[in-house]
Amino acid sequence: MGKDDVKLLTMWASPFCMRVKVALAEKEIAYEEIQENDLLTCKSDLLLTSNPVHKQVPVLFHDDKPICESTNIITYLDEAFPTKPLFPECAYGRSRARFWADYIDRKVSPFLVDVGYIV
């Protein structure tokens with residue numbers, strides 16, 4: 001799998017983007033990184049057309065098809081690239097992993113916004 005097949009629209013300060021970068025590294029998937037420089041005042045056309053609902057990073061492109069939202073991207077990576085699985089084999093283990101990812105998204109991330117760590 002070459003870098004031409006996988007691209008990641010990202011922003012350096014986003015923990016959600018970092019989550020996807022860690023998954024890509026763990027699965028040893030080569031990718032091209034596309035940086036969004038200013039998410040507050042000037043979002044790129046690529047971001048606005050790739051993620052028209054939330055208009056936020058990360059967005060993964062696999063064969064030019066956009067996949068949005070970090071947890072969804074990681075699930076997609078595990079299904080599209082089955083070698084080196086990120087999730088446990090058993091349904092119970094996968095449900096626990098999804099629970100903790102959701103907990104972080106709903107509880108920890110809003111706290112980080114409140115204290116000014118995430119803009």
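This report concerns the structure included in the present document.

Cut-off values and rules
Residues numbered from 1 in each chain as written. Predicted model: local features only at pLDDT ≥ 70, side-chain atom pairs only at ≥ 80, totals over all residues. Heavy atoms only, no water. Buried < 20%, exposed > 50% of the residue type's maximum accessible area, 1.4 Å probe, protein only. Helix = DSSP H or I, 4+ residues; strand = E, 2+ residues; numbered from the N terminus. Pairing = 2+ DSSP bridges. Core = buried A, V, L, I, M, F, W, Y, C linked by side-chain atoms within 4.5 Å. Contact = heavy atoms within 4.5 Å. Phe/Tyr/Trp six-rings, centres within 6.5 Å; stacked < 30°, edge-to-face > 60°.

1. Examining the pairing of strand 3 (residues 59–62)
Each regular strand shows side chains that alternate between the opposite faces of the sheet.
Part 1 of the reasoning: Side chains of strand 3 alternate between two faces, with Val 59 and Phe 61 and Leu 60 and His 62 buried alike.
Part 2 of the reasoning: By the bridge criterion, four bridges tie strand 1 (residues 6–10) to strand 3 in an arrangement that is antiparallel. Across the sheet, Leu 9 pairs through a bridge with Val 59, a residue of strand 3.
Part 3 of the reasoning: Two strands pair when backbone bridges link them, and strand 3 and strand 4 (residues 65–68) are joined in this way by four bridges, in the antiparallel orientation. Considered in strand 4, the bridge of His 62 is made with Lys 65.

2. Digging into the nonpolar core
Part 1 of the reasoning: One finds Val 6, Leu 8, Leu 24, Ile 29, Leu 60, Ile 73 and Leu 77 to be the most contacted residues of the largest nonpolar core, which totals 14 residues.
Part 2 of the reasoning: Those residues in contact with Leu 24 that sit more than four places away from it in its chain are Val 6, Leu 8, Ile 29, Tyr 31, Leu 60 and Leu 77.
Part 3 of the reasoning: Ranked by size, the runner-up nonpolar core spans eight residues in total, among them Leu 9, Val 57, Val 59 and Cys 68.

3. Quick look at the packing of aromatic side chains
Part 1 of the reasoning: The full count for this structure, using the stated rule, is three aromatic pairs.
Part 2 of the reasoning: For the pair Phe 99 and Tyr 103, a centre-to-centre distance of 6.5 Å together with 25° between the ring planes defines the contact as stacked. Residue Phe 99 and its partner Tyr 103 are located together in helix 4 (residues 91–114), separated by four residues, close to a single helical turn.
Part 3 of the reasoning: Taken together, a centroid distance of 5.4 Å and an interplanar angle of 75° make the contact between Trp 100 and Tyr 103 edge-to-face. Placement of the pair is Trp 100 and Tyr 103 together in helix 4, with a separation of three residues, close to one helical turn.
Part 4 of the reasoning: Of the residues examined, Tyr 103 reaches a relative accessible area of 38% and is grouped as partly exposed.
Part 5 of the reasoning: Feature note: the residues Phe 99, Trp 100 and Tyr 103 constitute an aromatic cluster, connected by ring pairs.

4. Let's talk about unusual backbone geometry
Part 1 of the reasoning: Residues Val 57 and Pro 58 are joined by a peptide bond in cis, for which omega reads 5°.
Part 2 of the reasoning: Note that Pro 58 resides in the loop between helix 2 (45–50) and strand 3.
Part 3 of the reasoning: In this structure, Lys 55 takes a positive phi of about 55° despite not being glycine.
Part 4 of the reasoning: Tracing the sequence through the fold places Lys 55 in the loop between helix 2 and strand 3.
Part 5 of the reasoning: Backbone geometry places Lys 84, a non-glycine residue, at a positive phi of 55°.

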